[in-house]
Structures are given as C-alpha cells and as structure tokens.
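Below, each chain spelled out in residue letters.
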Amino acid sequence: MYKLITSDMDETLLNDNKKITPKTIEAVKRATAAGVHFVPNTGRSFTSIQDNLIELGLSQKPDQYVISYNGAAIVENKENQVLQVNALPYEIVDQLFQIGMNENVCIHVYTVDQLYIWNMNKNEENYLDGRVTGWHLMRENNIKFLQDTPITKIIFNIEEEAKRLSMQDYVNEHVEFALNISFSSDRYIEFNDPTADKGQGTMALAKKLGIKPSEVIAIGDNSNDLPMIKDAGLGVSVANGRDFVQAAANYVTQADNNHDPIAEVINKFIFNEE
C-alpha cells in the first residue's frame, strides 16, 4: 500500500489558471483521511503555497509536510516548522549571481523564508502573479546583504530552451562546484546544492516517517521532478509532462494538469478505482 504521495505544484497539481480544482481537492482530502501523507513538493517557497494548503485541508496540521526549493527545505505544516535545510555556499551563489547579471537575465535568490528578485520584467511578473507574493526587488548589483543567510537556491528566468541548455554548459564549465542543475516550467534554470533535489528531500522525509521508498508515489512534469520520480516506488508523469519525464515514469496519467491528474492517481493507486 502506498503511504505517501508527493506532488509537484506548477503544471502538475495546479491547472493553467494556477488553481487546484474541487475534484482534486476532494481526492486529496479522501487520501489523507485514509492515512496517506500528501506532500506538495515544489521548487517554490513553502510560504507561497499556504493558501493551497488551506484548500487541501493541510494547513497548520501536525505530521503533514511540504518539501520546498527543490528539496532544499523540509517543513512541517504546523507552525511552518523548518526541519531540514540544505543550503548553497554563499560564494557559489555570488558567482552564479554575477553570471546571471552579466547575461542580464531575471534572477531569483531564495533564502529559507524570503525571495529576492533582480531585473524583474513584466512577463515574469505576470507568470508569478497568483503563484508567488511578497518578493523583494533587488536594487543593488550584488548579494552581499545575504552573505550570512542560508540560501536555498538561485534560478534564472530564461524562456528559450536552447539558451537554458547553453547556460547549463557555461555554468558547468566555469563554476567549480558540483551543482544540482535542473529546469522547471519551461522558463527556469535552477541551481541547488548537490545535497538538495526533490528525490533526496522525499526520501529523507519518508525515512523520518518510517515509510519505505516502495510505498511512495511521486508525481511531476519537468526536469526538477525527475529525481523523485526515479526514487519513488511509483513514479508518475502527468500527461503534459516533458517527453523525457514520461519516459522515466512508471505511469503516465491520461489527464493533463487541467483535468485532475492527481485525482486520477489517487483513485487508481490508493483506492483501486478505474
């Protein structure tokens, strides 16, 4: 029996209108009432999904969790207690920030509870609207003010895939650190510490809860979801997942993110309903 379901947020749990539909909310509540942990697993901050947790009946609940920043933080929902942080070295973040600044891209720098954005543009602001609130616009061309603050990840907004791949090659060549580099939402290249990915975060939480990897379902759509999809007993790609994610998954949903794929997985694999 599966005891833990972990799901990506954007383009997976959320539809294109940035909402969780009533059918999915009902399915998640049904699963949690049956004793299954439902753990949002997002590249974003846990603070950005508090309204979603309320909808799902998971807000401020003890023994319910969120995995944030691509696995760099594990948080218990009760009082948003941070249980684990896998931060990047400041010197590496500073080097990446300089690279992004030189390329004039929009840069997001995440601490455990804050988001700082350099070079915001209207397109990016529109994408974030309804997903993320309360970011801080950076006016200075440096991040010295964060040198004593744990930084969970840094990402660049680059909307052309070829340019994201080129940036990956450039960073691998010029940054002497074994970064975890991934892609999300077909618009970001993301940089984490090598100890932080969605798979490692999921397995760390499962171990804490006494849950075996074979008892975990992981659901996602993009590159940063691959580690958890590969590590879980049942790795699932939603129908709108990238081709390489679908190829790595044990199961591909019939539904895309606009048609309740999470409900499909819960009904099929938790309650054995077709």
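In case you missed it, the structure is sitting above this.
These lines cover the structure that appears in this document, whether it is placed above or below. (Residues numbered from 1 in each chain as written. Predicted model: local features only at pLDDT ≥ 70, side-chain atom pairs only at ≥ 80, totals over all residues. Heavy atoms only, no water.)

Section: the packing of aromatic side chains
All chains considered together, the criterion is met by six aromatic pairs. Relative to F191, the ring of F156 lies with its centre 5.1 Å away and its plane at 65°, an arrangement referred to as edge-to-face. Of this pair, F156 sits in strand β9 (residues 151-157) while F191 sits in strand β11 (residues 188-192), and the two are 35 residues apart along the sequence. Under the relative-accessibility criterion, F156 is labelled buried at 0%. Of the residues examined, F191 reaches a relative accessible area of 0% and is grouped as buried. Looking at K153, its charged tip hangs above the ring of Y110, at a distance of 5.0 Å from the centre. (Phe/Tyr/Trp six-rings, centres within 6.5 Å; stacked < 30°, edge-to-face > 60°. Helix = DSSP H or I, 4+ residues; strand = E, 2+ residues; numbered from the N terminus. Buried < 20%, exposed > 50% of the residue type's maximum accessible area, 1.4 Å probe, protein only. Lys NZ or Arg CZ within 6 Å of the ring centre and 35° of its normal.)

Section: the sheet that holds strand β13 (residues 234-237)
Strand order in this open sheet of five strands is β2-β1-β12-β13-β14, and the pairing throughout is parallel. Each of the sheet's edge strands pairs with one partner strand only, and the pair in question is β2 (37-40) and β14 (251-252). In this sheet, strand β12 (residues 216-220) lies alongside strand β1 (residues 4-7) in parallel orientation, the contact comprising four bridges. Its bridge partner being in β12, I5 is matched across the sheet by I217. Each of β1, β2, β12, β13 and β14 touches helix α10 (residues 261-270); the most contacted strand, β12, lies at about 160° to it. (Pairing = 2+ DSSP bridges. Contact = heavy atoms within 4.5 Å. Axes fitted to C-alpha atoms, helices over the stretch in contact; angles between N-to-C directions.)

Describing the sheet that holds strand β4 (residues 73-76)
As summarised here, the arrangement of the three strands in space is β3-β4-β5, forming an open sheet in which the pairing is antiparallel. If you trace the sheet from one side to the other, it starts and ends with β3 (65-68) and β5 (81-85), each paired once. Going across the sheet, the axis of each strand differs from the next one's by a mean of 20°, ignoring polarity. Alignment of β4 against β5, held across four bridges, turns out to be antiparallel. Bridge assignment links I74 to a residue of β5, and that residue is Q84. The strands that helix α7 (residues 198-209) touches are β3, β4 and β5; relative to β3, the one it contacts most, it runs at about 155°.

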